[in-house]
Amino acid sequence: MSFTGVLALATSPLFHSDSSLSSSSSSSDKVRKSTCLSCSLTQTPSTSSSEQPNNDSNTSQINNNNKFSYSRASPSVRWPHLKLSETYPSAPHTPVVVEDAGFSAQLSDSDSESKEEDNGDVGSAALGLDKNDETQLVLGRSSKTKAKKMTKLALKRAKDWRERVRFYTDRILGLKSDEFVADVLDDRKVQMTPTDFCFVVKWVGQKSWQRALEVYEWLNLRHWYAPNARMLATILAVLGKANQEALAVEIYTRAEPEIGNTVQVYNAMMGVYARNGRFKRVQELLNLMRERGCEPDLVSLNTLINARLRSGPMVPNLAIELLNEVRRSGLRPDIITYNTLISGCARESNLDEAVKVYADMEAHNCQPDLWTYNAMISVYGRCGQSSKAEQLFKELESKGFFPDAVTYNSLLYAFARELNIEKVRDICEDMVKMGFAKDEMTYNTIIHMYGKQGQHDQAQQVYQDMKMLGRIPDAVTYTVLIDSLGKENKITEAANVMSEMLDSGVKPTLRTYSALMCGYAKAGKQVEAQETFDCMIRSGIRPDHLAYSVLLDIFLRSNETKKAMTLYQEMLHDGFMPDNALYEVMLRVLGSENKLETIERVIRDMEKVGGMNAQVISSILVKGECYDHAAKMLRLAITSGYELDRESLFSILSSYSSCGRHLEACELLAFLKEHAPSSNQLITEAMVVIQCKAGEFDGALAEYSNSKGFHSFSRSCTMYEILIQGCEKNELFSEASQVYSDMRFYGIEPSEHLYQIMVRIYCNMGFPETAHHLIEQAAMKGILFDNISICVDVIEVYGKLKLWQKAESLVGSLKQRCKTVDRKVWNALIQAYAASGCYERARVIFNTMTRDGPSPTVESVNGLLQALIVDGRLDEIYVLIQELQDMGFKISKSSILLMLEAFARAGNIFEVKKIYHGMKAAGYFPTMNSFRIMIKLLSKRKQVRDVEAMVSEMEEAGFKPDLSIWNCMLKLYAGVEDYKKTVNVYQRIKEAELQPDEDTYNTLIIMYCRDRRPEEGLSLMHEMRRQGLEPKLNTYKSLISAFGKQQLLDQAEELFEELRSSGCKLDRSFYHTMMKLYRNSGNHAKAEMLLSVMKEAGIEPNFATMHLLMVSYGSSGQPEEAEKVLDNLKVTDSYLGTLPYSSVIDAYLRNGDYNTGIQKLNEMKRDGPEPDHRIWTCFIRAASLSQQTSEAFVLLNALRDAGFDLPIRLMKEKSESLIPDVDQCLEKLAPLDDNAAFNFVNALGDLLWAYELRATASWVFQLAVKRGIYNHDVFRVADKDWGADFRKLSAGSALVGLTLWLDQMQATFFLLCKVLVQWQDASLEGFPESPKSVVLITGTSEYNMVSLNSTLKTCLWEIGSPFLPCKTRSGLLVAKAHSLRMWLKDSPFCLDLELKDAPALPESNSMQLIDGCFLRRGLVPAFKEIKEKLELVRPKKFARLALLSDEKRERVIQADIEGRKEKLEKMRKRGNVDPRRVNRIKKLRKRTYRRPAMLANTKQTVSKRRALD
């Protein structure tokens, strides 16, 4: 009967017994996890005696410091006494990973055992096949039959062969180094057969391959010895196990052809090559076998499989293809074949292939054995599936197998790899309970586990326990310790372990040196790493790929290019190639040193020596930043038919774009578009990317828009991410949203970075809900943003939109995901509450932070303050400040500034000043912002002195006013009509080299318009345009109005037409302004034409437009035209109010047609509208300007008949009884629009003053002040400001106010004189204390064709007051305070300033309207004469002339003119003539004069005027 067996490298042979085939699970059929070399056994009837040496030989163990083997040869050895022998098997093609040096401790549990099985198989095979040769030598004749009976002598020899072999083995191994094997063998004390000598060579070879080779050579020198195939196979196996490939090849070559041409010899030699992964040599031997007619057996094919698995990485489906190859050879794979394949998969952690092999084994009814389970447990453990490994472990026991130490160690490794310390401890306890002591492999695995976790103290403790329990640390132990310490950058401790290793007599292996070199490399110790490398060379160890790579990497990173390239050439010479990552580092260094020739040489090495294709080389060059070479190789790859690599292309293009080489990038893309048409989508995408990086973003968007309609882009989000980043940078948020939508439509998943970009974009767009949705979507996909500012941005936008409820939900989700919420999140939520004024909610969060942490910050406090401010609870701020101070919070400068700004917005100057001074007292210096806030507030309140003081303080503090501050001052001075200072501020802006902005120019232009200097404003507007700034429409409107007031209609029309032609969309107010200009200029035809222009512009005239047209007709004396407009309105509108009727009525009344006006009043009543304040005001104003009292009564009686009798009652009845009625009327009118109460009181004041009811006018004025209709500060004597402001008052009301003002100043003055009578200079004192000058503000505008400035000026000059027109500002009358006091004291006009009603109404109006002045009727002739003949004169002179008789005034005027002529002649003679003065005198010469009658002196004239009044 015959059977086949397998010997796997580092495994024991497959042992079969005729009597125990059924119990093979416990005593035979063993396999290890590494790749197997198998050989065939053919059993003869007499093989029982030859099988025993095989079994015994496997029980021997190798004790060699240079090697570490892990033998599980026989059951007696495998349970429970185990020993590790060899550490790291040769793996010439293992990828270089510096960080993982030494991570091979577990490999020896398979590879070391495979070696032992290898040798055992060879011996077993030799014994089985050479049995007939031994029989022939013993009996002296050839065996003619297969089964021949043995003699008694042969039988006796067969029984004691072990004793004979052991005798010679012990004596040979006991020889000293200077003794020879021949001294033992020549003695020939024991008779030996050739088979016995085979066992001697094998047993001796297990301890010393040199002595085994010496025995072999001694036999070959003996004449009586006949060489045989079994001996040759045995010595080849011994040399193969000792890695003496060269000697094995030499012996095989010397062998005689008839001996070497046997299956067992070929198998043994193939095993030598397979051990080192020399697959090609194994193939060559296999082919040689077939050429010589020697048919390979299953062992041959198993050996071939072993060689292939060791020669390099496994490609997909390699294992199944190898199994099919065995079947195609006519052989059936056995358990050894499957175990060899599974062991190879375990070595490479290739779970997929292992599962396929295992499934194929079950499909072909090949039952797994213990070795199979061990290999599968190992591969599951190596691939991180510890649960599956544990499941197999339980399945193994359920099928009747007993786990051995290898099983436990494989399972232990699975959980150790996952750093599951608890599970590792449990497995160790189970292992000990089962009778397996912890062996070297167990300790090595545990030490490695602790090392990976950084628990070096635990690893050291395990190492000490190992030595205490008698386990001798081997090379694996020391290597694992050195490797783990090196990875943790504890290189000093690692070096100490190396020293301890050498002291203990353990020789470092290649992996040991590599691990120490890696540690030195990580620590940056280049010198020590190089010394370690040199020491390894001196010790006779040939560097492998890892060692070369580590040292080469060190040289490259240290920029020692010369040493690196020398070592690189040595590496190539020894048959090793750097991996791609190392090539990238090398090329990067060479590129930085611009060594182009060396780069070219390295590229040739990659192409010719490494066999890399152009595409791979291009990718390496890209990562090595050699972009020009990469572009060349990319072109070569494309022309060679390779697919275009996306990442390589984008990297090259990125390099070109960063260097500004856009033309070369476009040329490359054009080449690719021509030669790689299948990659058009990728090329288009690249074009978009390169344009984005080149800054041509519009072109990129256009390219994207043109391409997306025809096809989708690639599945990568790179292009979309770059495009969206560009949109964000250029603030094209809607375009970014569209690109993102396209990306999601094509099913492309965003990256974490892109999610963050889109969240920011949607926040900028004001769509926080969408941004919130993206955050939740990313969380569902396992993307949690480490950057908490993303969530903070969303919360802040929620706050700005006052969606604090949604901000709460986002914070709630963050609380569920995080143990503690970041302080920034809490502060953002507080700010969100603050934006909506939710103080109580913000306070809850603040209290939570105070209680649970993180502690509140200044931002938290400011959020609370902001919540109170937004809620309008400024009065509670100080309470909150006190509470915070009691809690230990210090109020920061930013909090104070926040309060300052809040009170400034509220216009509370008192609190602002209080906070400002308190801030300075607390040691906080004002900032630029605080000065800006203060100046802005004070400017709004027109606190000129305070603003100027604040600017001075700011400049003293080292701050220079910025443009915003200067603009505030411009608006301030323009608002108080101090145009000189306004211009000075503009000059300071220029001196400070600040660029005026739109506000600056607009303010200045409006100032010039108010100052009636529109030409300068227009010039400034042209300068503004030259600066690239466009004036506001209101600025245009102000210019147009100013030109109209100056009767410069051409310029106004030019501006208006310019606006229309430029396409500006003018609102209705512009057309109304032009209508007013045409109305005031009397050009009513143009006003009417403007209606059609409005309609052409798409603006329908409204009620106000028609009202303006009616007022225009009325002011031009065309009430009939106004009435036509009213009739048109009646047709279009079903109901009209009193406004259009009042316009028509006012037009007739102004034209003096009182009867028609009354008639229109009655018509209005018939049409439905009841007379209201507008009608009342029209009739009262007309009555105030009527010539006769009877005319006034007609108008007022018409009002009485219309239902309003208050004016006629005021004219006829006692005024005191009517005070409640007037007060009640004002109360009703006060809340109405159109300044109803104000216009009514103005008209009533004119009426009462005109008909000498001045006491009544006085209390009506005071009622208006009381009701707030007139300002309370119309005159401000009691406020230490003797000035008065009569702007917008009617002439009669202003005269009332002027008299009351003068009377108040005089009364205050005389009161103080009584108190200070003891001082002689009491006349120079005043209470309240007055300024140097007193200002009376009259304004420049006209009210109902009455100039308040002219009226008050004429009145004051008539009575000889010291008020003069202001030289810098129009609309102001100024008097020196001292002169005013003296005048109030001494002037006869100020003797009695009490306002009284006349005993009876005069027959005619006491006032007359002339040239815009509302004058006393008796002063009209004098006013006309003085104005016509002398133009402007000083007040005292005007008063003196006005009080003279007509004849005397004529003489005085003539004398004044003559005096001026004489003065002019004298000036001409001196040569100092002012042309303007000459022109003025020439005008005076042309005038004619009348001689008036003489009057009495001035005082008598005043007395008469008072009597007449």
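Basis of the calculations
- Residues numbered from 1 in each chain as written.
- Predicted model: local features only at pLDDT ≥ 70, side-chain atom pairs only at ≥ 80, totals over all residues.
- Heavy atoms only, no water.
- Pairing = 2+ DSSP bridges.
- Helix = DSSP H or I, 4+ residues; strand = E, 2+ residues; numbered from the N terminus.
- Contact = heavy atoms within 4.5 Å.
- Axes fitted to C-alpha atoms, helices over the stretch in contact; angles between N-to-C directions.
- Buried < 20%, exposed > 50% of the residue type's maximum accessible area, 1.4 Å probe, protein only.
- Parallel < 35°, antiparallel > 145°, perpendicular 65-115°, else oblique.
- Left-handed = near helix turned anticlockwise from the far one by under 90°.
- Nonpolar A, V, L, I, M, F, W, Y, C, P; charged D, E, K, R; others polar.
- 1 Å grid on protein atoms, 1.4 Å probe; cavity = no way out; pocket = protein on both sides within 12 Å on 5 of 7 lines; lining within 4 Å.
- Points joined across faces, edges and corners; volume = space filled by probe spheres on them.
- Expected span 1.5 Å × (residues − 1).
- Core = buried A, V, L, I, M, F, W, Y, C linked by side-chain atoms within 4.5 Å.
- Polar contact = N/O pair within 3.5 Å; in protein donor to acceptor, adjacent residues only side chain to side chain.
- Salt bridge = Lys/Arg side-chain N within 4 Å of Asp/Glu carboxyl O.
- Phe/Tyr/Trp six-rings, centres within 6.5 Å; stacked < 30°, edge-to-face > 60°.
- Lys NZ or Arg CZ within 6 Å of the ring centre and 35° of its normal.

### Thoughts on the sheet that holds strand β7 (residues 1364-1365)
Part 1 of the argument: Across the sheet, four strands lie side by side as β3-β4-β8-β7; this open sheet has mixed pairing. Edge positions in the open sheet fall to β3 (1284-1285) and β7, since each of these has one partner strand only.
Part 2 of the argument: Packed onto the sheet, helix α74 (residues 1377-1386) meets β4 (1333-1337) and β8 (1372-1376) and runs at close to 80 degrees relative to β8.

### Observations regarding the environment of lysine 920
Part 1 of the argument: You can see lysine 920 is positioned in helix α51 (residues 909-921).
Part 2 of the argument: Taking relative accessible area as the criterion, lysine 920 reaches 35% and is therefore assigned partly exposed.

### With respect to the packing of α51 against helix α52 (residues 928-940)
Each pair of packed helices can be summarised by the angle the axes make with each other and by the distance between the axes.
Part 1 of the argument: At a minimum axis separation of 11 Å, α51 and α52 run at an interaxial angle of 155 degrees. Here α51 lies roughly antiparallel to α52, going by the angle between them. Between α51 and α52 the crossing geometry is left-handed. Residue-level inspection shows Ile909, Val912, Lys913, Tyr916 and Met919 of α51 in contact with α52, the latter providing Ser930, Phe931, Met934, Leu937 and Leu938.
Part 2 of the argument: Residue composition of the contact of α51 with α52, by class: eight nonpolar, one polar and one charged.

### With respect to empty space enclosed by the protein
Part 1 of the argument: Evaluated as defined, the whole model comprises eight cavities of 30 Å³ or more.
Part 2 of the argument: Considered as a void within the structure, the second largest cavity measures approximately 100 Å³ in volume.
Part 3 of the argument: Around the second largest cavity, the lining residues are Arg1181, Ser1184, Leu1185, Asp1246, Leu1289, Ser1290, Ala1291, Tyr1343, Asn1344, Val1346, Leu1348 and Phe1414.
Part 4 of the argument: In terms of residues, the lining of the second largest cavity owes the most to one element, helix α66 (residues 1173-1185), which gives three residues.
Part 5 of the argument: For the lining of the second largest cavity, a count of residues per class yields seven nonpolar, three polar and two charged.

### Overview of unusual backbone geometry
Part 1 of the argument: Between glycine 853 and proline 854 the backbone carries a cis peptide bond, its omega angle lying at -10 degrees.
Part 2 of the argument: Along the polypeptide, proline 854 turns up in the loop between α47 (839-852) and α48 (858-870).
Part 3 of the argument: Located in the positive-phi region is glutamate 1252, a residue other than glycine, with phi close to 60 degrees.
Part 4 of the argument: One can find glutamate 1252 in the loop between α70 (1236-1250) and α71 (1254-1266).
Part 5 of the argument: Take glutamate 1252: its relative accessible area is 11%, and that puts it in the buried class.

### A word on helix α19 (residues 351-363)
Part 1 of the argument: Taking 1.5 Å of rise per residue, the 13 residues of α19 would be expected to cover 18 Å, and the 18 Å separating its terminal C-alpha atoms lies within 8% of that figure.
Part 2 of the argument: Listed in full, the buried residues belonging to α19 are Leu351, Glu353, Ala354, Val357, Tyr358, Asp360 and Met361.
Part 3 of the argument: Taken together, the buried residues of α19 touch α17 (318-328), α18 (335-347), α20 (370-382) and α21 (386-398).
Part 4 of the argument: Following α19 by one or two positions, asparagine 365 has its phi on the positive side, about 60 degrees.

### Looking at the nonpolar core
Part 1 of the argument: Ranked by internal contacts, the top residues of the largest apolar core, which has 450 residues, are Ile235, Leu649, Phe1179, Phe1286, Trp1301 and Leu1336.
Part 2 of the argument: At 10 residues, α70 tops the list of elements feeding residues into this core.
Part 3 of the argument: With near-sequence residues (within four places) excluded, isoleucine 235 lies in contact with Val201, Ala212, Leu213, Tyr216 and Ile251.

### Let's talk about the side chain of threonine 1003
Part 1 of the argument: On the secondary structure map, threonine 1003 appears in helix α56 (residues 998-1010).
Part 2 of the argument: Within polar-contact distance, the side chain of threonine 1003 engages the backbone oxygen of aspartate 999 at 2.7 Å.
Part 3 of the argument: Contact partners of threonine 1003, with chain neighbours within four places excluded, come to Leu970, Lys971 and Ala974.

### Regarding the pairing of β8
Part 1 of the argument: Pairing geometry for β4 and β8, over five bridges, is antiparallel. Within β8, the position partnered with valine 1335 by the bridge is valine 1374.
Part 2 of the argument: As paired elements, β7 and β8 share two bridges and run antiparallel to each other. Looking at β8, one finds that leucine 1364 is bridged to valine 1374.
Part 3 of the argument: In sequence, β7 turns back onto β8 through a hairpin of six residues, with glycine 1371 there showing a positive phi of about 80 degrees.

### Considerations on the pattern of salt bridges
Where charged atoms from two side chains of opposite charge approach closely, those side chains can pair.
Part 1 of the argument: Applying the stated criterion across every chain, the model contains 51 salt bridges.
Part 2 of the argument: With its nearest N and O atoms 2.9 Å apart, the salt bridge here joins glutamate 948 to lysine 981. Taken together, the positions of glutamate 948 in helix α53 (residues 944-956) and lysine 981 in helix α55 (residues 979-991) put the pair 33 residues apart, joining distant regions of the chain.
Part 3 of the argument: Judged by its relative accessible area of 26%, glutamate 948 is partly exposed.
Part 4 of the argument: The exposure class assigned to lysine 981 is partly exposed, which follows from its relative accessible area of 31%.
Part 5 of the argument: Salt bridges sharing partners connect three or more residues here, namely Glu840, Asp871, Arg873 and Glu876.

### Let's talk about the packing of aromatic side chains
Part 1 of the argument: Counted according to the given criterion, the structure contains 23 aromatic pairs.
Part 2 of the argument: Pairwise contacts between aromatic rings join Phe393, Tyr408 and Phe436 into one cluster.
Part 3 of the argument: Above the plane of the ring of phenylalanine 415 lies lysine 423, whose end atom (NZ or CZ) is 5.5 Å from the centre.
Part 4 of the argument: The ring centre of phenylalanine 1070 lies 5.2 Å from the NZ or CZ of lysine 1037, which sits over that ring.

Fair warning: the whole summary comes from geometry, so function is off the table for now.
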